[in-house]
Amino acid sequence: MPEIKVTPLGAGQDVGRSCILVSIAGKNVMLDCGMHMGYNDDRRFPDFSYITQNGRLTDFLDCVIISHFHLDHCGALPYFSEMVGYDGPIYMTHPTKAICPILLEDYRKITVDKKGETNFFTSQMIKDCMKKVVAVHLHQTVQVDEELEIKAYYAGHVLGAAMFQIKVGCESVVYTGDYNMTPDRHLGAAWIDKCRPDLLISESTYATTIRDSKRCRERDFLKKVHETVERGGKVLIPVFALGRAQELCILLETFWERMNLKAPIYFSTGLTEKANHYYKLFITWTNQKIRKTFVQRNMFEFKHIKAFDRAFADNPGPMVVFATPGMLHAGQSLQIFRKWAGNEKNMVIMPGYCVQGTVGHKILSGQRKLEMEGRQILEVKMQVEYMSFSAHADAKGIMQLIRQAEPRNVLLVHGEAKKMEFLKQKIEQEFHVSCFMPANGETTTILTNPCIPVDISLGLLKRETAIGPVPDAKKPKLMHGTLLMKDNSFQLVSPEQALKELGLAEHQLRFTCRVHIQDPRKEHETVLRVYNHLKGILKDYSVQHLPDGSITVESILIQATAHSEDQGTKVLLVSWTYQDEELGSYLTSLLKKGLPQST
Amino acid sequence: FLQYCLSGHPTLPCNVLKFKSTTIMLDCGLDMTSTLNFLPLPLVQSPRLSKLPGWVLKDGSTFLDKELKECSGHVFVDSVPEFCLPETELLDLSTVDVILISNYHCMMALPYITEYTGFTGTVYATEPTVQIGRLLMEELVNSIERVPKAQSASMWKNKEVQRLLPAPLKDAVEVSMWRKCYTMPEVNAALSKIQLVGYSQKIELFGAVQVTPLSSGYALGSSNWIIQSHYEKVSYVSGSSLLTTHPQPMDQASLKNSDVLILTGLTQIPTANPDGMVGEFCSNLAMTVRNGGNVLVPCYPSGVIYDLLECLYQYIDSAGLSNVPFYFISPVANSSLEFSQIFAEWLCHNKQTKVYLPEPPFPHAELIQTNKLKHYPSIHGDFSNDFKQPCVVFTGHPSLRFGDVVHFMELWGKSSLNTVIFTEPDFSYLDALAPYQPLAMKCVYCPIDTRLNFIQVSKLLKEVQPLHVVCPEQYTQPPPTQSHRTDLMIECQPPAVSYRRAEVLTLPYKRRYEKIEIMPDLADSLVPLEIKPGISLATVSAVLHTKDNKHVLQLPPKPPQPPASKKRKRVSDDVPECKSLKPLLSGSIPVEQFVQTLEKHGFSDVKVEDTAKGHIVLLQEAETLIQLEEDSTHIICDNDEPLRVKLRDLVLKFLQKF
C-alpha cells in the first residue's frame, strides 16, 4: 500500500525551527528550513544529518519549499544550502524571495557582529543561497520534475506567506506554513480550494485559543498606548520588521490622526522605510481595500511615524517606539527594554508569540527579575502587556481551513504538545479523520489509497455509456473491458480490440442442447406455443419468431424437430455462445419444465 | 471540434471554440479602425471642424450634408464615433461557457458580449490584464462621454445610400452592426465577471477541459492559452513577443505537442524593426525640441509608453533635453504609472530584481520624482497652469478621433516646427491624419510593434511542432501592398488552415482515448496474466461512474445472496436481470490433452474422429458430441445441465479470457 511519511526536524510539538520532511510517492520534499529563537547552540538549526550522514543532501531531496520570510521558517536556509550543501531548487513566493535575504542578513549581523560568533554563514552565502531560489506565483502549478508538482495558495500571515500543495499523481499533501483565516488591516485571509489532500500539515500556534473579535483587541491596544502616553510614559512595542509592524503602524497612524495626538512615534532600524517600500511594491499581496485605494492613497506612506535614532531613547517625555526583534531576544528592542524597564510609567506591549527562552517569554510568564549577560540582574517595573496580534489562525480558523480543504488526514506542527493534544481530539471528533502530532525526529506514516489512471478507448467508453436495458443516468453501468499492460502504459479496451491488438483470433465456444418436450401437435404449432410462452416471460428481451420456423431470444437460437421415434415428443435445439451463457442456461432449464397447459 | 470566427481583424481576434462539450471564447477584440470614418471629437470648440462643408452627391442632392462632412477630399461621418463589434449572429453567444482573455488590447469588446448577449459564464484573465484593461476602457468611455455630441448619424448606413458614398465609406463592412461606446456601469458589470488567474495555473472547466494561461511576453500580464483534455491539446497564441521589453519572457516550451495551434496577433508592421523605430523616435523628438517645436505622441495609456519613457530616461540627459517638460495626459495617466510599478511578478527578470532591492521596477518613478515627467487627467485644470512650451506630450487616442490628442492636433497642426510621432501600429497614420489636412506640422511614422514577425513565427513553429496551424487568412498570403514579399506569410507543413470573419471551421483531429480512474479495491481484485513477454492483460468487469465528465471504475456490488430457498418462486422471478457479459475467448484446444482431461474426469468412452477442419470428440454414453476446430468449439448435448457445465469448464481451462 502506498504511503506518505512525515518527519519533523523542527516544529514537532514545538514552535520554532520549522523544518518538516515529507516523502510522497518516492519524492522527498523539505518544508521550511527555520531557526529556533530559543537556542544559541546547535539546537538552533534542524539536524540535517537525519536526512543523510555522509551523502549529499541534493541527492536525497527533490526540492525545498519556504512558506514565508519569518526566520523560524527560513533562518537556517543559508546554513543548509551553503554549509551543509544543497544545490537543488528552493521554492518561495516573490515577496518572500525579496524579503528573506534581508532578514537573514539582519540575523547574521546580530549573531556574528554583535555576539561575535564565528562559524556562521556569511553574507556571500546568503547571496549564493538565494540564487538557488525559484520564485512562484500564487496558484501557479510548478512542475518540479515530471511527476512532482507544487502549487501556492494565499496564507495571509505576513506579506508573501503561502500554503503549498505538493502533489504526485493522485496523492497530495498540503502544508499551511503559518496562516491567518481572518483578514486584518493590511492582509487578506488565507484561502484554499476543496483540494482533498491525503494529508494536511497545519500549524497550531493558537490551538486552544478562540480569540475575541479583532476590533476589541485593537481598541484595547489603542487604549493602553493612549493612557501610557497621556501620563507621560514611553511605550515599547517589540516587533519583527515586516508583518505585524505594518498592521500596528496603520492602526496607530489612523488613531493619531483622528485624535490629533502629538507624541512621537518611532520605528527602529533603517529597515522601516525599506520594509514599507516592499509593501508598496507588492501591494497586490495585501488586502482588497488597500489594493483598491492605493492609487489615491498608499497606506504604507506614514505621516506620523518617523525613523528612530538610538539617542531618542533617553529623550524625556512620552513616545511610542516600534523596535526589532519581536521577542526581545537581542538587538535594539532589547536595548531599549533595558533602558525603560525600571520605570513603572512605561509600558512594553508584546504583540506576538514569544518562544521559550527569550526575554519576551520570561516577562510574559510573570518573571520580573531577569538575569542579563554578565550576571546583571534587571528588575522589570514597567507594565508588561500581551496582545495577540500575531496573525495565526486560532482554533476556529484551523477547523475552518480543514473544512475548506477536506483532507483525509491532519498532522499538527508548530504548536505546544498539550494544546495540540486538545485540538487533535477536536479534529478527530468533528471530521472523523486521523490526526497526528509527531515530535521532532518522529516519523508518521500515512497509508494512501491512490486510484490508478488508465487510458480507455473511446469506443469502449461510448459503447458502455450507450447500452443498458433502461437508459437511466443515475444507475451505475456495468462495463466489461480488457486491461492491456505494456511497459508503464495501461490501456482499457474492448475485448475485441484487445484480441486485435495482440494479433489473436477469437475462439468461439458454442453450446447446443437438446430439450425434449411432450407435445403431440405439429412442429410449427409447438414452435408457436414455445414462442408465446417465452414472450410472456422474457418481457425485457427481444424474442422473435423467424419465418424459417426458428425462434431467437436475443442471439440464442431455438429450433424444433420431431423426435425420430416418438411423435408425441418434440426436440428443441437451443443453441448459444459462451457470451450468452447465463441466458442460454436459463432457457434450457425453463423449457425443461415444459410448456404451460394450453387454454 | 469547431471554431467560430467572429472577427476578421488578425490582431483583435474573437474566436469561439467548441471543444469537448464546452464552448470557449478566445478573446473579444474590438475593431476601432471604424472610428477613422468619423470626424474628430474636439474638446474645445474647433472653428475649423465646425466650418467643414457638408458632402454633396454628384447629382447635387444635399440630403446627407448634415451627416457627412468633407475635408481635403475625404468624407467623414459627423457623429459619435462607432466601433465594429465581433459577429454576434454566427452562434448563440449566451451558450458561451467561458471567455479567455490574452491581453488588455483584446478585451475591449467585453462589455458588448457580457452585457448584451445573455452571457452567464466566467471570464478568465490575469490581474494586470484586468487592471490595465479597465484603464483602457475608462479612458475610452471618458474621452467619448465628455464631449457630448448632439447628432447621431444613421441615414448614411442605409444600404442604398452607402452604395453612393465615396471610398472608404462605401466599402465599410457591416455598418449596421457598428455600435456606440459602452458606459462605465457596463464596463464595471463586465469586469465583475472576470476571475483572476496566474501564469501556469491549471483551471478545470466542468471536469472535461483544462485551460492554462502562459506568459506571452507582449504586455504586462499578457498570455497565451493552452486548452487541453487528457488527449488533445490546443494552443492559442495571441499577441506574443520574443523581444526583451518589460514583460516576463514568452513561455514557448509549454506550447509543444499541440494538436492544433491557433495563431493570431502577429506584428502589424512586419517590415519595421522595433529597436530601430525607438531610435528614430528619440532622434526625431530631440530634433524637434531643439528647434523649439513641440512633440505630440498619440498613444495608449499603457504598454509601449513605459518602454518609451524608459528610453527617454536614458536619453534625455545625453541629448540635452533635461529641461524639456514631458507631459502624460490621460484620465488614467496616474493609475497607469502607479499600476505599472506593482506588478513585479509579471515583469522581466531585470525589473523583478529591482523590486527585490526594493526599488520601483520602472524608471518613470524617478522621472516623476524629479519633475521631468508630469501627468494630468486632462488638458483642463492644473495642466493649463503648468503648460510650458516646447514640450513633449503623450496622450490618446492613437486614432486621433477623440481624447486630448484632438486638441493638440488642432493647436499645433498649423506650425511646421511641431512634430507628431506615431508609435502605435493599430491605425494607418495617413487615415488618422486625414481630417486634419492640410497640415503644416511634421509627421513621423515610427510604429513600434513588438509582436512576432514571420521569421520568429517560423522559428517558433519549428520549435513547438504543432500538428496543425490555424490562422487568419491575412497570414497565409503576402500583404496586399507588398505582394512580392512571399516571406511575409506563414509557411508550414501541413499548410495552415485559414479563417475569415463569420466562418465556421471544423478543425482536424481525432481522439481515440479518454482518461478513466480505476479505484484501488478494483485494482486489487484484477488478475493480470502475461500473454506475451512484457504484455499482460486482465479482464475488467466494473461499474462505471461518470460525474462532472470524470470517469471512475469501481468494484461491482456483490450480488445479494439468494435467500436460502424458502418458497418456490415463480419462474419469471428467475429471469437473469442484467446481461452480464462473459469475456471473449481465445486460443485453441489440443485434442489429445483434452481427451486425457476428459478421461481424468471420469469419461471412459471417449472417441475421437478427424474432420476436415479438426476433430469430433464423442461421449457415447452421454450422447454428447464436441466439435473442436482451430477457432471454435461446439458442445452438443442433451439437456443435462451438470454435464454441460462440467464440459464447459473443462474447455475453458484451455482458453484465455479477454
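Bear in mind the structure is a predicted one, so any value in this text is a computation, not a measurement. (Residues numbered from 1 in each chain as written. Chains lettered and ligands numbered in written order. Predicted model: local features only at pLDDT ≥ 70, side-chain atom pairs only at ≥ 80, totals over all residues. Heavy atoms only, no water.)

A.B. asks: I would appreciate a short explanation of the overall build of chain B in the present structure.
C.D. replies: Check the secondary structure of chain B and you find 17 helices and 32 strands. Here the C-alpha radius of gyration of chain B, 36 Å, is well above what a compact globule of 658 residues would show, namely 26 Å. Oriented by its inertia axes, the alpha-carbon framework of chain B measures out at about 120 × 65 × 60 Å. Of all 658 residues assigned to chain B, the portion counted as buried reaches 56%. Here the analysis covers contacts within chain B between residues at least 6 apart in sequence; of these, 70% occur between residues at least 24 apart. Of the roughly 28,200 Å² that chain B leaves accessible, carbon and sulfur atoms contribute 51%. For chain B, the distance from the average position of its 58 positive side-chain charges to the average position of its 70 negative side-chain charges is 2 Å. (Helix = DSSP H or I, 4+ residues; strand = E, 2+ residues; numbered from the N terminus. Rg over C-alpha atoms; globule rule 2.2 N^0.38 Å. Buried < 20%, exposed > 50% of the residue type's maximum accessible area, 1.4 Å probe, protein only. Contact = heavy atoms within 4.5 Å. Areas by Shrake-Rupley, 256 points an atom, 1.4 Å probe, with all protein chains shown as cover. Lys, Arg positive; Asp, Glu negative; His and termini not counted. Charge placed at Lys NZ, Arg CZ, Asp CG, Glu CD.)

A.B. asks: When you look at the UniProt feature "domain: Beta-Casp" (unreviewed entry) in chain B in this model, what are you seeing that I'm missing?
C.D. replies: UniProt's feature table lists "domain: Beta-Casp" (unreviewed entry) at residues 305-433 of chain B, given in the numbering used throughout. Along residues 305-433 of chain B one finds 39% helix and 12% strand; the C-alpha atoms at either end are 21 Å apart. (UniProt positions renumbered as here; feature names shortened; annotations may be inferred.)

A.B. asks: In this structure, what is going on with the sheet that holds strand E31 (residues 632-638) of chain B? I would like to understand it.
C.D. replies: In sheet architecture, strand pairing relies on hydrogen bonds along the backbone and comes in two forms, parallel and antiparallel. One open sheet holds the nine strands; their spatial order is E27(A)-E28(A)-E29(A)-E30(A)-E26(A)-E31(B)-E30(B)-E29(B)-E28(B), and the pairing between them is mixed. The open sheet has two edge strands with one neighbour each: strand E27 (543-545) of chain A together with strand E28 (606-610) of chain B. Pairs of neighbouring strands in the sheet enclose a mean axial angle of 20°, with direction left out of account. In the sheet, strand E26 (residues 508-518) of chain A pairs with E31(B) via seven bridges, with the strands oriented parallel. Paired with Arg510(A) across the strands is His634(B), a residue of E31(B). (Pairing = 2+ DSSP bridges. Axes fitted to C-alpha atoms, helices over the stretch in contact; angles between N-to-C directions.)

A.B. asks: Before we go on, may I ask you to explain the pairing of strand E10 (residues 171-175) of chain A in this structure?
C.D. replies: The side chains of a regular strand alternate between the sheet's two faces. Residue and element names in this part refer to chain A. Most of E10 sits inside the fold, with five of its five residues counted as buried. Where strand E9 (residues 162-168) meets E10, five bridges bridge the pair, whose relative direction is antiparallel. Opposite Val168, over in E10, you have Glu171 as the bridge partner. Hairpin geometry of E9 and E10 is characterised by an intervening segment of two residues between the two adjacent antiparallel strands and by a positive phi of about 60° at Gly169. Relative to strand E11 (residues 199-203), E10 runs parallel, the two sharing three bridges. The residue of E11 that forms the bridge with Val174 is Leu200.

A.B. asks: Explain the domain arrangement of chain A here, please?
C.D. replies: Interfaces are often sized by the accessible area lost when the parts come together. Segmenting chain A into domains produces domain 1 (3-210 + 391-445), domain 2 (214-386), domain 3 (454-468 + 477-502) and domain 4 (510-593). Taking only C-alpha atoms into account, the centre of domain 1 of chain A sits 74 Å from that of domain 4 of chain A. (Domains from an automatic or database assignment.)

A.B. asks: I would appreciate a short explanation of the environment of Asp524(B) in the present structure.
C.D. replies: All names here are of chain B. You can see Asp524 is positioned in helix H15 (residues 520-525). According to the relative accessible area criterion, Asp524 is exposed, its value standing at 66%. Residues Asp524 and Ser215 lie 309 residues apart in sequence; the distance between their C-alpha atoms is 43 Å.

A.B. asks: Just checking my understanding: could you explain the sheet that holds strand E7 (residues 122-126) of chain B for this structure?
C.D. replies: Residues and elements named next belong to chain B. On the basis of which strands lie adjacent, the open sheet formed by seven strands has the order E8-E7-E6-E3-E2-E1-E22 and mixed pairing. The outermost strands of the open sheet, each flanked by one partner alone, are strand E8 (194-197) and strand E22 (503-506). Across the sheet, the mean angle from the axis of one strand to that of its neighbour is 25°, orientation sign disregarded. Sheet topology places E7 next to E8; four bridges connect them, and they run parallel. In the sheet register, Val123 faces E8, and the bridge partner there is Ile194. Against the sheet, helix H3 (residues 127-145) makes contact with E7 and E8, and its axis sits at roughly 100° relative to E7, the strand it touches most.

A.B. asks: When you look at the packing of helix H16 (residues 591-600) of chain B against helix H17 (residues 641-652) of chain B in this model, what are you seeing that I'm missing?
C.D. replies: Relative orientation and spacing of two packed helices are given, respectively, by the angle between their axes and the distance between those axes. Residue and element names in this part refer to chain B. Here H16 crosses H17 at 140°, and the two axes come no closer than 11 Å. Comparing the axis directions of H16 and H17 gives the class oblique. Judged by the sense of rotation from one axis to the other, the crossing of H16 with H17 is right-handed. For the pair formed by H16 and H17, the contact residues are Phe594, Thr597 and Leu598 on the first element and Leu647, Leu650 and Val651 on the second. In terms of residue class, the contact of H16 with H17 is built from five nonpolar, one polar and no charged. (Parallel < 35°, antiparallel > 145°, perpendicular 65-115°, else oblique. Left-handed = near helix turned anticlockwise from the far one by under 90°. Nonpolar A, V, L, I, M, F, W, Y, C, P; charged D, E, K, R; others polar.)

A.B. asks: What is the right way to look at the packing of aromatic side chains in this model?
C.D. replies: Applying the stated criterion across every chain yields a total of 38 aromatic pairs over all chains. Note on Tyr266(A) and Phe312(A): the rings are 4.7 Å apart at their centroids and 40° apart in plane angle, and the pair reads as tilted. Taken together, the residues Tyr266(A) in strand E13 (residues 265-267) and Phe312(A) in the loop between strand E14 (305-307) and strand E15 (319-323) connect sequence positions 46 residues apart. Taking the relative accessible area as the measure of exposure, Tyr266(A) reaches 11% and is therefore buried. A relative accessible area of 25% means that Phe312(A) is categorised as partly exposed. Through successive ring pairs, a cluster of aromatic residues spans Phe45(A), Phe48(A), Tyr79(A), Phe80(A), Tyr86(A), Tyr107(A), Phe120(A) and Phe121(A). In this structure, Arg44(A) packs its charged tip against the face of Phe45(A), placed 5.5 Å from the ring centre. Positioned over the ring face of Phe511(A) is Arg644(B), at 4.7 Å from the centre of the ring. (Phe/Tyr/Trp six-rings, centres within 6.5 Å; stacked < 30°, edge-to-face > 60°. Lys NZ or Arg CZ within 6 Å of the ring centre and 35° of its normal.)

A.B. asks: How do you make sense of the confidence of the model for chain B when you look at a structure like this?
C.D. replies: Residues shown with low pLDDT carry predicted positions that ought not to be read at fine detail. Residues and elements named next belong to chain B. Overall, the predicted model of chain B reaches an average pLDDT of 90, with 96% of residues at or above 70. Contacts of residues 564-573 to residues separated by more than four positions or lying in other chains number seven contacts, the stretch itself having pLDDT below 50. The ipTM assigned to the predicted complex is 0.84, against a pTM of 0.85. (pLDDT = per-residue confidence, 0-100.)

A.B. asks: In this structure, what is going on with the environment of Lys535(A)? I would like to understand it.
C.D. replies: Position of Lys535(A) among the secondary structure elements: in helix H16 (residues 523-537). Sequence separation of Lys535(A) and Leu261(A) is 274 residues, and the distance between their C-alpha atoms is 98 Å.

A.B. asks: What is the right way to read the interface of chain B and chain A from this model?
C.D. replies: With 92 residues of chain B at the contact, the number on the chain A side is 88 residues. Interface area, chain B with chain A, both sides summed: about 8,200 Å², of which 60% is carbon and sulfur. Among the residues chain B hides against chain A, the three largest losses belong to Glu345(B), Tyr356(B) and Asn639(B). Together they make up 10% of the total. Summed over the shared surface of chain B and chain A, the number is five salt bridges. As a salt-bridge pair, Asp455(A) and Lys515(B) come within 3.0 Å of each other at their nearest N and O atoms. One can count 38 residue pairs in polar contact (both at pLDDT 80 or more) joining chain B with chain A. (Buried area = accessible area lost by both parts, 1.4 Å probe. Salt bridge = Lys/Arg side-chain N within 4 Å of Asp/Glu carboxyl O. Polar contact = N/O pair within 3.5 Å; in protein donor to acceptor, adjacent residues only side chain to side chain.)

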